[in-house]
Amino acid sequence: MLISTRGRYALRFMVDLAENQGEEGFITTKELADRQEVSQKYAERLMASLSRSKFVDTQHGKGGGYRLGRSPEEYRVSDILTAMDEELAPVACLTCDPNQCKRAETCRTLPMWQKLGNMITDFFDGITLADLMK
């Protein structure tokens, strides 16, 4: 399992929104890009993905931008990563449910990988944006 740049920046952008949306609530992609030191074009693509996944609200026009749709406590890291097409499974054979591997019934290592997969999922399920803000 390797979390991509896209997944890492999605988390960083979500934390940034949580920490900076303030009273007006909406933050432009330019502000996000500047604070996170990425191009505005990359920020726009990433925020569009987060918007399509219903993680952020968007407002167009003057005073527009993005803001969280819920409180930071309601966003789990696992949900954000999987929305960005991150695969949290440690091995390919765990990416399908049910397991499609023809050796699954006799594989001596499968229980170990399943246990690790559960640990990874439980770990990311147990962390919220609010936790990352601390």
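Preceding this paragraph is the structure being described.
Residues numbered from 1 in each chain as written. Predicted model: local features only at pLDDT ≥ 70, side-chain atom pairs only at ≥ 80, totals over all residues. Heavy atoms only, no water.

Thoughts on helix α1 (residues 5-20)
Logical step 1: The end-to-end C-alpha separation of α1 is 22 Å, in line with the 22 Å expected for 16 residues at 1.5 Å each.
Logical step 2: All buried positions along α1 are accounted for by G7, Y9, A10, L11, F13, M14, V15, D16, L17 and A18.
Logical step 3: Elements in contact with the buried residues of α1: α2 (29-36), α3 (40-52), β1 (56-59), β2 (65-68), α4 (77-83) and α6 (129-133).
Logical step 4: Following α1 by one or two positions, G22 adopts a phi angle in the positive range, close to 55°. (Helix = DSSP H or I, 4+ residues; strand = E, 2+ residues; numbered from the N terminus. Expected span 1.5 Å × (residues − 1). Buried < 20%, exposed > 50% of the residue type's maximum accessible area, 1.4 Å probe, protein only. Contact = heavy atoms within 4.5 Å.)

What to know about the pattern of salt bridges
Logical step 1: Counted according to the given criterion, the structure contains six salt bridges.
Logical step 2: For K134, the salt bridge is made with D131, and the minimal N-O distance between the two is 3.7 Å.
Logical step 3: We classify D131 as partly exposed; its relative accessible area is 33%.
Logical step 4: The network of salt bridges with common partners includes R76, D79 and D125. (Salt bridge = Lys/Arg side-chain N within 4 Å of Asp/Glu carboxyl O.)

Considering the pairing of β1
Logical step 1: Pairing geometry for β1 and β2, over four bridges, is antiparallel. Looking at the pairing, T58 lines up with Y66 of β2.
Logical step 2: Here β1 folds back onto β2 in antiparallel fashion, the turn holding five residues, of which G61 has a positive phi close to 90°. (Pairing = 2+ DSSP bridges.)

Remarks on the packing of α1 against α2
Logical step 1: It is at 11 Å that the axes of α1 and α2 come closest, and there the two elements cross at 115°. In terms of axis orientation, α1 runs roughly perpendicular to α2. Handedness of the α1/α2 crossing: right-handed. Counting all contacts with α1, which are made through Y9, R12, F13, D16, L17 and N20, the residues of α2 involved are L32, R35 and Q36.
Logical step 2: The residue makeup of the contact of α1 with α2, split by class, is four nonpolar, two polar and three charged. (Axes fitted to C-alpha atoms, helices over the stretch in contact; angles between N-to-C directions. Parallel < 35°, antiparallel > 145°, perpendicular 65-115°, else oblique. Left-handed = near helix turned anticlockwise from the far one by under 90°. Nonpolar A, V, L, I, M, F, W, Y, C, P; charged D, E, K, R; others polar.)

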